[in-house]
Amino acid sequence: MAYLEISNLSIQFPRSPVPVLRDVTLRIDKGQYVSVIGHSGCGKSTLLNVVAGLLPATAGGVLLEGQEVNTPGPDRAVVFQNHSLLPWLTVTENVLMAVELTVGRKMSKVQRLAWTLETLALVKMTHAKDKRPGEISGGMKQRVGIARALAMQPKVLLLDEPFGALDALTRAHLQDEVMRIHADLGCTVIMITHDVEEAVLLSDRIVMLTNGPNARVGEVLEVSLPRPRNRIALGAEPRFLAAREAVLTFLHDRHAAPTLTAA
Amino acid sequence: MNILVTKPEAAPILASSPLPPPSRVAWLRPYAANILPPVLLTLLFFIAWQALCSGPGSNLPPPTQVWAESSELILRPFYIRGGLDRGLGLHLFASLERVAMGFVLAAIAGVALGLLVGTSDFAMRGLDPIFQVLRTVPPLAWLPLSLAAFREATPSAIFVIFITAIWPIIINTAVGVRNVPQDYRNVAAVIRLRGPAFFWRIVLPAAAPYIFTGLRIGIGLAWLAIIAAEMLIGGVGIGFFIWDAWNSSHLSDIFVALFYVGITGFVLDRIVAALGQMATRGTQAS
């Protein structure tokens, strides 16, 4: 049985005649890095929110290690697109609060703080540990968001367009960091993205959604590039280019953006 | 496929030349830009006032006459000459004491009610219509009822302050609680922060800027109301002082008193704003 199983999942919002997502089925193995890609409004984030337990499934469901998932919990930590750090707490306090309520329940105060600082070191944010979110850059905030999620030692890490709001250079830098962390910790990751290069670079598998409403899994692409991956070397790698082309063809040829088809 | 064949050379490091030193009076400029306009316009205002009220048929005294007749009020704010004949500072203190009592009570009750209305849909539906109607009642309209209930001037005035200041505090607190961003709620859900802990660690800090906005509006209204209330209830207080000066035709005294009232209201507003800044440090920036 798969580690995380999404079976026949449909999601319909109360006042809408058609479901956002219909019959989505996905099996994700432990340690796998899976990206979900699709045009805006296709229901990528909705899918992630259901896995996180923040939204209820209309039909079908999600199993994590054979257990049904229907409430939010620290075993499925989320990194939100807009970082969602609490602005009145310092960087350390933001992570510490998550530690306190999750893995740190049985730890002493000293152990909690040590674990918090260890996680912050993992995302290289030790230098700003006493700053408030308002005093650090967008990329740094997102690092702290990642640290907060990792600190809960989740079974699955859910990334909701984590680099969407960042500039290209910062994004590349953080992508490398996430690759390194994934290699170090071997965590299972689901990442929502609309960036083709990012999906190919980071993922073991890319799940492509068709346009919503009524979005389905259109195609699943296995990315068999060896790890560790180097973005510069991959630029000339035929398998990378082929994977990129496959995703681009899906998104822009067979399932072009809904506004374009309407026009 | 690489067009760029030659390796780009590192840019030579330029010897840094010092910037020209700023002129000797440059540091004065920002201050001058801020201070000059208000000073200039105030001066202009006094000149215009002097010009308009100097004529023989003028009903109001010009500034020179105000100074001649009432300089004692400005120079000696704390004299006591028996009875109600005392310095403006002492009248002000009496008013401030009432405002402080009424406002603190309003702040406590207002924040508590606001939190209730913000968190409970039942309380919201039940209380909001009542609040919306009551908050439009002018402060002084409460005074007769308040006098009837308390039978004494001071508690009645305090009640009027209370009832005036409480509405913006309730309404802003409730709005703040209702506007806790969904992101924060999601974070709390993922780490399973619930119940009172959720309230203390997420809701209250997130609503704090709104609460302080309510408090700031509240103190402003309270200061507006106390002057009017004191005119009616008598005794010690800046409002009574103004009414008394009118009755004994000391128009100059009224000008001085108005100046005091304005400055005090301004200071009160700034104090609450500063408290808010301190308490919500970092909350606004995201």
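In case you missed it, the structure is sitting above this.
Nothing here was measured: the structure is a model prediction, and the numbers come from that model.

Undergrad: Residues and numbers for the nonpolar core, please.
TA: Judged by nonpolar contacts, the single largest core of 146 residues is most densely connected at Ile190, Ile206 and Val247 of chain A together with Ile202 of chain B. Beyond its immediate sequence surroundings of up to four residues, Ile190 of chain A is in contact with Leu4, Ile28, Val34, Val36, Leu48, Val51, Val156, Leu157, Leu158 and Leu159 of chain A.

Undergrad: Give a detailed account of the sheet that holds strand β3 (residues 33-37) of chain A, specifying residues and quantitative values.
TA: All names here are of chain A. Taken in spatial order, the six strands line up as β6-β7-β8-β3-β9-β10 in an open sheet, and their pairing is mixed. The outermost strands of the open sheet, each flanked by one partner alone, are β6 (76-79) and β10 (217-222). The average angle at which neighbouring strand axes cross in this sheet is 20°, direction not considered.

Undergrad: Report on helix α2 (residues 91-101) of chain A, specifying residues and quantitative values.
TA: Counted residue by residue, α2 of chain A has nine buried out of eleven residues, so it is predominantly covered. Within α2 of chain A, burial applies to Val91, Thr92, Asn94, Val95, Leu96, Met97, Ala98, Val99 and Leu101 of chain A. Tucked inside the fold, the buried residues of α2 of chain A contact α3 (109-122) and α4 (138-151) of chain A together with α8 (195-233) of chain B.

Undergrad: Before we move on, could you go through the interface of chain A and chain B and cite the residues and values that matter?
TA: Contact with chain A, which involves 26 residues of that partner, is made by 19 residues of chain B. At the boundary of chain A with chain B, total buried surface from both sides reaches about 2,000 Å², with 66% on carbon and sulfur atoms. Among the residues chain A hides against chain B, the three largest losses belong to Pro87, Trp88 and Met97 of chain A. Together they make up 29% of the total. At the junction of chain A and chain B, the tally comes to one salt bridge. Across the salt bridge formed by Glu100 of chain A and Arg201 of chain B, the nearest N and O atoms sit 3.0 Å from each other. At the boundary of chain A and chain B, one finds four residue pairs in polar contact (both at pLDDT 80 or more). Sorting the residues of the side of chain A that touches chain B by element identifies β6, α2 and α4 of chain A as the ones contributing at least two each. The dominant element in the side of chain A that touches chain B, judged by the number of residues it contributes, is α2 of chain A, at four residues.

Analysis parameters
Residues numbered from 1 in each chain as written. Chains lettered and ligands numbered in written order. Predicted model: local features only at pLDDT ≥ 70, side-chain atom pairs only at ≥ 80, totals over all residues. Heavy atoms only, no water. Core = buried A, V, L, I, M, F, W, Y, C linked by side-chain atoms within 4.5 Å. Buried < 20%, exposed > 50% of the residue type's maximum accessible area, 1.4 Å probe, protein only. Contact = heavy atoms within 4.5 Å. Pairing = 2+ DSSP bridges. Helix = DSSP H or I, 4+ residues; strand = E, 2+ residues; numbered from the N terminus. Axes fitted to C-alpha atoms, helices over the stretch in contact; angles between N-to-C directions. Buried area = accessible area lost by both parts, 1.4 Å probe. Salt bridge = Lys/Arg side-chain N within 4 Å of Asp/Glu carboxyl O. Polar contact = N/O pair within 3.5 Å; in protein donor to acceptor, adjacent residues only side chain to side chain.

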